Amino acid sequence: MGKVYIIGAGPGSHDLLTIRAINTLAVCDVLIAGAATLTPSLSSFIREHYPRLKIITLDKRHRKDGDELAIRYARLGLNVAHLKNGDPAIFGGLEDEVSKLSSLGISYEVVPGVSSISAACAALGIFPTSKNNDYMGFIIINGHDAPLDAQIKALRLVGRGFILMPRSDYLTELCREFKCKEVVNVERGKGRTLRLVFVERPTA
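Summarised in this report is the structure supplied together with it. (Residues numbered from 1 in each chain as written. Predicted model: local features only at pLDDT ≥ 70, side-chain atom pairs only at ≥ 80, totals over all residues. Heavy atoms only, no water.)

### Section: the pattern of salt bridges
As a working rule, side chains carrying opposite charge can pair if their charged atoms are close by. Defined as follows: Any Lys or Arg side-chain nitrogen found within 4 Å of a carboxyl oxygen on Asp or Glu counts as a salt bridge. Counting from the N terminus, the helices are the DSSP runs of H or I reaching at least four residues and the strands are the DSSP runs of E reaching at least two. Buried residues are those whose accessible area, probed at 1.4 Å on protein chains only, stays under 20% of the maximum for their type, while exposed residues exceed 50% and partly exposed ones sit between those limits.
Across all of its chains, the model carries nine salt bridges by this definition. Across the pair aspartate 29 and arginine 52 runs a salt bridge, and its minimum N-O distance is 3.2 Å. Pair noted here: aspartate 29 is in the loop between helix H1 (19-25) and strand E2 (30-34) and arginine 52 is in the loop between helix H2 (40-49) and strand E3 (54-58), with a separation of 23 residues, a long-range link. Look at aspartate 29 and you get partly exposed, because its relative accessible area is 22%. Among the charged side chains, a salt-bridge network with shared partners connects Lys3, Arg20 and Glu109.

### Details of the pairing of strand E6 (residues 139-142)
Here is the rule we go by: When the strands point away from the viewer and the connection leading from the first strand across the helix to the second strand turns clockwise, the crossover is called right-handed.
Only one face of E6 is covered, namely the one carrying Ile139 and Ile141; the face carrying Ile140 and Asn142 has none of its residues buried. In this region the chain leaves E6, passes through helix H7 (residues 148-158) and returns to the parallel neighbour strand E7 (residues 160-164); the handedness of that crossover is right-handed.

### Some words on the sheet that holds strand E1 (residues 4-8)
Formally: Here, strands pair whenever DSSP counts at least two bridges between them. The angle between two axes is taken between their N-to-C directions and runs from 0 to 180 degrees, where each axis is a line fitted to C-alpha atoms and a helix contributes only its stretch in contact. Throughout, a contact is declared for two residues whenever any of their heavy atoms are within 4.5 Å.
Taken in spatial order, the five strands make up an open sheet running E3-E2-E4-E1-E5, and their pairing is parallel. A strand with exactly one partner marks an edge of an open sheet, and here the two such strands are E3 and strand E5 (108-111). Each strand axis lies, on average, 20 degrees off the axis of its neighbour in the sheet, ignoring direction. Bridging between E1 and E5 involves four bridges; their strand directions are parallel. Looking at the pairing, isoleucine 6 lines up with valine 110 of E5. The strands touched by helix H3 (residues 66-75) within the sheet are E1, E2, E3 and strand E4 (80-84), with E4 carrying the most contacts at an inclination of about 165 degrees.

### Examining H7
Quick reminder of the rule: As used here, the arc is the angular range of directions from the helix axis to the C-beta atoms.
If you check which residues of H7 are buried, you get Gln151, Ile152, Leu155 and Val158. Seen from one end, H7 has its buried residues packed into an arc of 145 degrees, which puts them on one side. Along H7, exposed side chains directed more than 90 degrees from the buried face belong to Asp149, Lys153 and Leu157. Glycine 159 occupies a position one or two residues after H7 and carries a positive phi of about 105 degrees.

### Some points on the state of the cysteines
Stated precisely, the cut-off is as follows: A pair of cysteine sulfur atoms is labelled a disulfide when the two atoms are within 2.5 Å.
Inspection of the entire model under this criterion finds one disulfide. In this model, cysteine 175 is linked to cysteine 180 through a disulfide, with the two sulfur atoms separated by 2.3 Å. The sign of the S-S torsion, about -120 degrees, decides the handedness of the disulfide formed by cysteine 175 and cysteine 180: left-handed. We classify cysteine 180 as partly exposed; its relative accessible area is 30%.

Below you can see the structure in the form of C-alpha cells.
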C-alpha cells in the first residue's frame, strides 16, 4: 500500500513551496492537482526537478475526482502527492479526504503550505495582530460558502478579517459597513481567479 501526501502548494509561485513539500515530492510517484492549483510556475518547477513524476491535472469539472484517484494509486502501492492551494488545513476541504483514507487504512500525511493570507500580510504590510490593532487578531472567512449574515456577525465581533474567494454580491453588502481592501486578485489558470479581501471596522 502506498501513502498519500496532501501537500500545500502555497499561493502559486514555486519559490513559496516549503522545504518539506519539496522533499516530499521527491518520494512520490504520482502527483494529482487541479488545473488552477498547478500554476505555470509550479508546473515548470515540478517538471524540471521531478521528471519521473506522473502528473495528473484535473479540470474544474473533475477536480472532485482527486480523492478517488489518490486512493486508486495508493492501493497500487504508489506514493501520491495530492497538491492543494495554499495551506490545505485551512481551505483544503480535508475532512472528507482524510476520513476516506482513514476508513480504508491508507496512510496519509498533511504537508502544510504557505497560505495566501500570510503571504498577503507579508507583501502588503498588513499586521492584523499588532499593537496598533490592540492585538485583537483576525478571522478567516470562506467568502463563497459562509452565509452573508454569519460573515457580518463575525466581522462585527472581531473587527477585522480576511475573506477568501468572496461572492461579489456579498462583498458589495460588506463594503457598505466595513472598510474593504482587495489584497490578492490573481489569475490561477483555466479561467479561475484567486481573490482575497481584507475587511475591518471603520475607525471612529
